[in-house]
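Summary of the model geometry
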Amino acid sequence: MAELVIRDLNKTYMKQKERIHAVKSLNLTARDGEFIAFLGPSGCGKSTTLRMIAGLEDITSGEIEIGGTVVNRLHPSKRNVGLAFENYALYPPLTVYDNIAFNLRAKKTPEEEIKREVGKIAELLHITSLLDMKPAALSGGQKQRVNIARAIVRKPGILLLDEPLSHLDGKMRQSMRTELKRLHTEIKSTSIIVTHDQSEAMALADRIAIINEGVLQQFGTPLEVYNHPVNEFVAGFIGEPPMNLFTVHAFTAKTGKKMFRIEDSLLEFEVPAAYREKVRDSQPYRFGIRPADIHIVGGSDPHTISTKVTIFESLGEECRVHIRVGETLLSLVTGEDVHYRTGDPIHLLFREDRIHLFDPSNGNRIQ
Ligand code: ADP
């Protein structure tokens, strides 16, 4: 186990005479034994950061500290890290057993101990029956398990996993995800997983670092980033189905009530109490509400939106209702016991304590 501290980390690449700033002033601490996810869209700098921690990539500026030692200039083999990278190939001529044993042999570990350790890890990862096989005979998913086994057999202070479940199909991915979580509680290494899949990050991590265009947007527990996204990017990236996000304009009605009008529509509803003092007339705001936080109610009042159903989908356990509002398709999730047809009237209520409001000029949350 080891603590990982990243200070003001930057990475720039030159690509066809163009300078790419892949990682921008990253500051982050992973506590001893913590499971951290680096989450963000493809190209946001997740893997580059992981490779810099591993020592496979030079640092442009900044500092990486593992277990109290600055490792900027340390060779990867001296950093106390275990790597399971998507394209980190297994040695083709060696059996699975010998692949896993490789690093232990390099450290001159006695064969008896190697046998015990490989056996234990193989059992943990359910690959005991593969130990005599060569990598060429394995499926993509099996190779990924062997990769993980090879990384953790060294009992690294920091375990680095780059999209370790990417080759697995739906069901297998789910069960391997559960196994990874169990594995982490058993081996207790500080672990960092790189993923672009928000549900994977939410399910696995103690804390999630959400990155966009090389910049850390938010670093928090799954519940923090879900319930209090600091900006519109995080709000839209976390949650499935995604949060509804649309533009509203504030105004004061003849009745004196503060109202929001949804852009490009005639739909209006009263500004939730928490925001009445904060919004200014004629100003636009980005309004966010999760599909599960929109309730269908019996009749209309100033708080509700009265509209018509555009699309209704029944998915078994739950149903989804989609409503065209101006340029946006507003989605909500309901229980299995409702049924609508296109054009049916519907009254919607946004749960007041679940509303998110963002400043359209910079995307930041309005508290
Ligand atoms: P992610 O893992 O989030 O998908 P990466 O860390 O791989 O993203 O890449 C971040 C950015 O750096 C991208 O714009 C990518 O094209 C660029 N990049 C990564 N590796 C190199 C490289 N070796 N040379 C030039 N540009 C690179």
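What you see is a predicted model; the values in this text were computed from it and never measured.

Details of the overall build of the protein
- Check the secondary structure of the protein and you find eight helices and 21 strands.
- With the C-alpha coordinates of the protein rotated into their principal frame, the extents come out at 85 × 45 × 40 Å.
- The buried share among the 367 residues of the protein stands at 49%.
- Residue pairs in contact within the protein that sit at least 24 positions apart in sequence constitute 65% of those at least 6 positions apart.
- Counting only carbon and sulfur atoms, one obtains 50% of the accessible surface of the protein, whose full area is about 17,900 Å².

Digging into the domain arrangement of the protein
- One can read the domain layout of the protein as domain 1 (4-237) and domain 2 (244-358).
- Computed from C-alpha coordinates alone, the two centres of domain 1 and domain 2 are separated by 40 Å.
- Roughly 670 Å² of surface becomes buried between domain 1 and domain 2 when both sides are summed, with 53% attributable to carbon and sulfur atoms.
- Contact with domain 2 buries area across many residues of domain 1, yet Tyr226, Glu232 and Ala235 alone supply 69% of it, more than any other trio.
- The shortest N-O distance in the salt bridge between glutamate 232 and arginine 286 comes to 2.9 Å.
- The interface formed by domain 1 and domain 2 includes three residue pairs in polar contact (both at pLDDT 80 or more).
- In the side of domain 1 that touches domain 2, the residues fall into four nonpolar, three polar and one charged.

A word on the nonpolar core
- Grouped together as the largest cluster of nonpolar side chains are 43 residues, with contacts concentrated most on Ile100, Leu125, Ile127, Ile148, Leu161, Leu180 and Ile208.
- In this structure leucine 180 touches Phe35, Ile148, Leu161, Pro164, Leu165, Ile193 and Leu204, once residues within four positions along its chain are discounted.

What about empty space enclosed by the protein?
- The tally for this structure, following the rule as stated, stands at two cavities of 30 Å³ or more.
- Quantified by volume, the largest cavity comes out at close to 50 Å³.
- Looking at the largest cavity, the residues that line it are Phe269, Glu270, Pro272, His303, Leu349, Phe350, Glu352 and Ile355.
- Of all the secondary structure elements, the ones that give two or more residues to the lining of the largest cavity are strand E13 (268-270) and strand E20 (345-350).
- For the lining of the largest cavity, a count of residues per class yields five nonpolar, one polar and two charged.

Details of the side chain of serine 191
- Mapping serine 191 onto the fold places it in strand E8 (residues 190-195).
- Taking the relative accessible area as the measure of exposure, serine 191 reaches 1% and is therefore buried.

Points about the sheet that holds strand E2 (residues 18-30)
- With respect to topology, four strands assemble into an open sheet ordered E2-E1-E4-E5, the strand pairing being antiparallel. The open sheet is flanked by E2 and strand E5 (69-70), the only strands paired with a single partner.
- Where strand E1 (residues 4-15) and E2 come together, nine bridges link them in antiparallel fashion. Bridged to leucine 4 within E2 is alanine 30.
- Docked against the sheet, helix H1 (residues 46-54) engages E1, E2 and strand E4 (61-66), running at close to 115 degrees with respect to E1.

A look at the packing of helix H4 (residues 140-152) against helix H5 (residues 170-187)
- Across the interface, H4 lies against H5 with an axial gap of 13 Å and an inter-helix angle of 10 degrees. Considering their axes alone, H4 and H5 lie roughly parallel with respect to each other. Between H4 and H5, the contacting residues are Arg145, Ile148 and Ile152 on the first element and Met172, Met176, Glu179, Leu180, Leu183 and Ile187 on the second.
- Of the residues that constitute the contact of H4 with H5, the class distribution is seven nonpolar, no polar and two charged.

Thoughts on H1
- Most of H1 sits inside the fold, with seven of its nine residues counted as buried.
- Turning to H1, its buried residues are Lys46, Thr48, Thr49, Leu50, Met52, Ile53 and Ala54.
- One or two steps after H1, the chain reaches glycine 55, where phi turns positive at roughly 95 degrees.

So, the packing of aromatic side chains
- Within the structure shown, the criterion is met by 11 aromatic pairs.
- Measuring from ring centre to ring centre gives 4.6 Å for tyrosine 91 and phenylalanine 102, while their planes differ by 40 degrees; the resulting arrangement is tilted. Here tyrosine 91 is found in the loop between strand E6 (81-84) and helix H2 (96-106), whereas its partner phenylalanine 102 is found in helix H2, with 11 residues between them in sequence.
- For tyrosine 91, a relative accessible area of 35% puts it in the partly exposed group.
- Through pairs of rings, three or more aromatic residues link up here, namely Phe246, Phe260, Phe269, Tyr285, Phe287 and Phe350.
- In this structure, arginine 261 packs its charged tip against the face of phenylalanine 251, placed 4.5 Å from the ring centre.
- One cation-aromatic arrangement involves arginine 290 over tyrosine 226; the distance from NZ or CZ to the ring centre is 3.9 Å.

Some details on the site of the ligand
- For the ligand, the full set of nearby residues is Tyr13, Lys15, Ala22, Pro41, Ser42, Gly43, Cys44, Gly45, Lys46, Ser47, Thr48 and Arg51.
- Between the ligand and glycine 43, the relevant distance is 2.7 Å, taken from an oxygen atom to a main-chain nitrogen or oxygen of the residue.
- Taking threonine 48, its side chain carries an N or O atom lying 2.5 Å from an oxygen atom of the ligand.
- Protein coverage of the free-state accessible area of the ligand, which is 560 Å², stands at 69%.

A word on the pairing of E8
- In terms of residue burial, E8 counts as a mostly covered element, since six of its six residues are buried.
- Residues of E8 alternate between two faces, with Thr190, Ile192 and Val194 on one and Ser191, Ile193 and Thr195 on the opposite face, all of them buried.
- Pairing analysis gives five bridges linking strand E3 (residues 35-39) to E8, with the strands arranged parallel. Of the residues in E8, the one forming a bridge with isoleucine 36 is isoleucine 192.

Analysis parameters
Residues numbered from 1 in each chain as written. Predicted model: local features only at pLDDT ≥ 70, side-chain atom pairs only at ≥ 80, totals over all residues. Heavy atoms only, no water. Helix = DSSP H or I, 4+ residues; strand = E, 2+ residues; numbered from the N terminus. Buried < 20%, exposed > 50% of the residue type's maximum accessible area, 1.4 Å probe, protein only. Contact = heavy atoms within 4.5 Å. Areas by Shrake-Rupley, 256 points an atom, 1.4 Å probe, with all protein chains shown as cover. Domains from an automatic or database assignment. Buried area = accessible area lost by both parts, 1.4 Å probe. Salt bridge = Lys/Arg side-chain N within 4 Å of Asp/Glu carboxyl O. Polar contact = N/O pair within 3.5 Å; in protein donor to acceptor, adjacent residues only side chain to side chain. Nonpolar A, V, L, I, M, F, W, Y, C, P; charged D, E, K, R; others polar. Core = buried A, V, L, I, M, F, W, Y, C linked by side-chain atoms within 4.5 Å. 1 Å grid on protein atoms, 1.4 Å probe; cavity = no way out; pocket = protein on both sides within 12 Å on 5 of 7 lines; lining within 4 Å. Points joined across faces, edges and corners; volume = space filled by probe spheres on them. Pairing = 2+ DSSP bridges. Axes fitted to C-alpha atoms, helices over the stretch in contact; angles between N-to-C directions. Parallel < 35°, antiparallel > 145°, perpendicular 65-115°, else oblique. Phe/Tyr/Trp six-rings, centres within 6.5 Å; stacked < 30°, edge-to-face > 60°. Lys NZ or Arg CZ within 6 Å of the ring centre and 35° of its normal. Near = heavy atom within 4 Å.

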